[in-house]
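Overview (structure and organization)
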Amino acid sequence: MPTLLALPLMAAWIAFICGVPFFDWLNGIVVKGSFRLSAPIVLVVFGAMFARVIQKTNISDEPVILLVAR
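The rules behind the values
Residues numbered from 1 in each chain as written. Predicted model: local features only at pLDDT ≥ 70, side-chain atom pairs only at ≥ 80, totals over all residues. Heavy atoms only, no water. Helix = DSSP H or I, 4+ residues; strand = E, 2+ residues; numbered from the N terminus. Buried < 20%, exposed > 50% of the residue type's maximum accessible area, 1.4 Å probe, protein only. Axes fitted to C-alpha atoms, helices over the stretch in contact; angles between N-to-C directions. Parallel < 35°, antiparallel > 145°, perpendicular 65-115°, else oblique. Left-handed = near helix turned anticlockwise from the far one by under 90°. Contact = heavy atoms within 4.5 Å. Phe/Tyr/Trp six-rings, centres within 6.5 Å; stacked < 30°, edge-to-face > 60°. Expected span 1.5 Å × (residues − 1). Patch = residues over 30% accessible without salt bridge, like charges linked within 9 Å, V, L, I, M, F, W, Y side chains within 5 Å. Areas by Shrake-Rupley, 256 points an atom, 1.4 Å probe, with all protein chains shown as cover. Salt bridge = Lys/Arg side-chain N within 4 Å of Asp/Glu carboxyl O. pLDDT = per-residue confidence, 0-100.

1. Here we look at the overall build of the protein chain
Counting its secondary structure elements, the protein chain contains 3 helices and 0 strands. Counting from the amino terminus, the protein chain carries its helices and strands in the arrangement α-α-α. Buried positions account for 3% of the 70 residues belonging to the protein chain.

Okay, here's the thing in structure tokens:
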């Protein structure tokens, strides 16, 4: 299960078990939590896209020593 889906589901399950009222959970965990996690999520998405570009252009196949020697 993707992490972007698993984390909110886990937060909902933990809040349900602890007996947190629905609207408190919605405001306190979902809204504020997603706002606090927005920057790390964007960094992970762009990092993954950059890694894919590096793999497709075969930059990651060359040893670092050869890149420095050029």
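That was the structure; now back to the text.
2. With respect to the packing of helix H1 (residues 3–18) against helix H2 (residues 22–56)
Packing of H1 against H2 leaves a shortest axis separation of 11 Å and a crossing angle of 155°. Here H1 is positioned roughly antiparallel relative to H2, judged by the angle of their axes. Here H1 runs over H2; the crossing is right-handed. Counting all contacts with H1, which are made through Leu4, Ala11, Ala12 and Ala15, the residues of H2 involved are Trp25, Ile29 and Ile41.

3. Quick look at the packing of aromatic side chains
Taken as a whole, this structure holds 3 aromatic pairs when the rule is applied. Ring geometry for Phe22 versus Phe23: centroids 5.4 Å apart, planes at 75°, classification edge-to-face. The class for Phe22 is exposed, based on a relative accessible area of 52%. Ring pairs connect the aromatic residues Phe22, Phe23 and Trp25, which therefore count as one cluster.

4. Describing H1
Because an α-helix completes one turn every 3.6 residues, residues spaced three or four positions apart along the sequence face the same direction. Between its first and last C-alpha, H1 extends 22 Å over 16 residues, near the 22 Å set by a 1.5 Å rise per residue. Among the residues trailing H1, Gly19 stands out with phi positive, at a value near 85°.

5. Looking at a nonpolar patch on the surface
There is a patch of nonpolar side chains on the surface, built from Leu4, Leu37, Ile41, Val42, Val45, Phe46 and Met49 and spanning about 620 Å² of accessible area. It is H2 that provides the largest number of residues to the nonpolar patch, a total of 6 residues. Of note, Leu4 is situated in helix H1. Look at Leu4 and you get exposed, because its relative accessible area is 57%.

6. So, the confidence of the model for the protein chain
The pLDDT averaged across the protein chain works out to 81; a share of 86% of its residues lies at or above 70. The least confident element of the protein chain, judged by mean pLDDT, is helix H3 (residues 64–69) at 60; the most confident is H2 at 85.

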